Amino acid sequence: MPRRLVANLDCEVEWTGGPALPAPVRAMIAGLGTLLRGLALDDGDVVEVIAPVAAARLPEVAAPRVTLAVRGAPAATSGEPDTACAAWGATAARRAPAGSTAAPATAVATTPATAAAWHPGPPGDAVAIARAGNDRRLAAAAVAATLGAALDGATAVTDLAAVDDAIAAAAAASATGAWVAKAAICAAGRDQVRRRGAAIDPPTRARLARLLARAGALVVEPWLDRVGDLGQVGVVGAAGAVALLPAHRLHSDDGGGFAGVAISTDDPLVAAHADAVAEAARAAGAALAALGHRGPFGVDALVHRVGGAPRLRPLVEINARMTFGLVGHAWAERLGPGTLAIGRGAPPVDAVALLLPGDGAPTAAWFTRAA
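Residues numbered from 1 in each chain as written. Predicted model: local features only at pLDDT ≥ 70, side-chain atom pairs only at ≥ 80, totals over all residues. Heavy atoms only, no water.

In this section: the environment of Glu333. Structurally, Glu333 can be placed in helix 9 (residues 324-335). A relative accessible area of 31% means that Glu333 is categorised as partly exposed. For the pair Glu333 and Ile263, spaced 70 residues apart in the sequence, the C-alpha separation amounts to 9.4 Å. When sequence neighbours within four positions are dropped, the list of residues in contact with Glu333 reads Thr111, Pro112, Ala113, Thr114 and Leu245. (Helix = DSSP H or I, 4+ residues; strand = E, 2+ residues; numbered from the N terminus. Buried < 20%, exposed > 50% of the residue type's maximum accessible area, 1.4 Å probe, protein only. Contact = heavy atoms within 4.5 Å.)

Counting across every chain of the model gives 15 salt bridges. Ionic pairing is found between Arg205 and Asp164, a salt bridge with its closest N-O pair at 2.9 Å. With a gap of 41 residues between them, Arg205 in helix 7 (residues 202-215) and Asp164 in helix 6 (residues 163-173) connect regions that are remote in the sequence. For Arg205, a relative accessible area of 29% corresponds to the partly exposed category. Here Asp191 makes a salt bridge to Arg214, at a shortest N to O gap of 3.0 Å. (Salt bridge = Lys/Arg side-chain N within 4 Å of Asp/Glu carboxyl O.)

Strand order in the open sheet formed by four strands is 5-8-6-7, and the pairing between neighbours is antiparallel. Each edge of the sheet is formed by a strand with only one pairing partner; in this case those strands are strand 5 (155-157) and strand 7 (192-196). Strand-to-strand twist across the sheet, computed as the mean angle between neighbouring axes with direction ignored, equals 20°. In this sheet, strand 7 lies alongside strand 6 (residues 178-183) in antiparallel orientation, the contact comprising five bridges. If you follow Ala178 over to strand 7, its bridge partner there is Arg196. Across the face of the sheet, helix 5 (residues 136-147) comes into contact with strand 5, strand 6 and strand 8 (218-222) while running at roughly 55° to strand 8. Across the sheet, helix 6 touches strand 5, strand 6 and strand 8, and the angle it forms with strand 8 is around 25°. (Pairing = 2+ DSSP bridges. Axes fitted to C-alpha atoms, helices over the stretch in contact; angles between N-to-C directions.)

Let's shift gears to the packing of aromatic side chains. Across all of its chains, the model carries two aromatic pairs by this definition. Ring geometry for Trp88 against Phe324: centres 5.0 Å apart, planes inclined by 55°, an arrangement best described as tilted. Placement of Trp88 in the loop between strand 4 (84-87) and helix 3 (112-117) and of Phe324 in helix 9 is noted, with a sequence separation of 236 residues between them. This pair shows no difference in class: Trp88 is buried, exactly as Phe324 is. Ring centres of Phe258 and Phe324 lie 5.0 Å apart, and the angle between their planes is 15°; this geometry places the pair in the stacked category. Taken together, the positions of Phe258 in strand 12 (residues 258-263) and Phe324 in helix 9 put the pair 66 residues apart, joining distant regions of the chain. Owing to a relative accessible area of 21%, Phe258 belongs among the partly exposed residues under this scheme. One aromatic cluster is present, built from ring pairs that chain together Trp88, Phe258 and Phe324. (Phe/Tyr/Trp six-rings, centres within 6.5 Å; stacked < 30°, edge-to-face > 60°.)

These results come straight from atomic positions and should not be treated as a statement about function.
Okay, here's the thing in structure tokens:
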């Protein structure tokens, strides 16, 4: 019987009550949602995306041949009903069928990444747990404090009157005077404002007010002189135990948005900081377990320069959901060590194409095997 992977990469919209994403953004993340087929367990499994994606955009690869379904479209009249369901993020808009479970059948072989993805969810209110677990204040304050890793100049504000002081503190703590204000819940570089200097012009203030009204809080931080980004994914088990996959290298664009993930056994930046990132991931997993979260999660970290010397910030954010770090591990388990990347236009000729541009959308994805 088919299993269903729900690629609801717009789950933060429900968590915050924000407006629907623009059509081009929906088309982009629908295409990226097809990458979850790397987590499928068998031919015929279903990947549910938020907008139509032409089948011609999905090249044949060493992964199960999935069926694409569009959220809200009428269900197929043929075939068996779903018997298992795993979602990118917990939302009320898409729940597993009655009596289903996220655990795969024991006869199906799993890898560490697929085992993390297909995990029973929390016994309580999954949406409320997801909101709490993905709130940036959990990483920026609560868990960072336990690690002794709170960022100087970072402040969480819930009132617009406090924004000026928070921005002044963040700008003063930055070597360049640059700062970033992030909505308490956001994803992929969306819902944030990045500027330089303590002065706030009227358009920026209006943007900050909108984000604050939507999310209920802003986390204001100094913009750091980044050297590189790291991440680690894991799973909180049914009894609350935390298991981790190896740390990985993250590639980000200039605004901090996701651009790729490298799964390698010999990355020197990962090797230099693996123990500290794992400590942060275990602390994050324990905090999520205490909230009631069960299933996959990920943490981001970064290395930045302070006076020319590299310094690790072991916990930038916590994602209480599936992540592209998990997806990258899944593809590496199928294709070997390498880099999952997203971009615009045709994938490089020496890469394994996973998503081609099309449908009027330029987004593509590919996997480049390590040399």
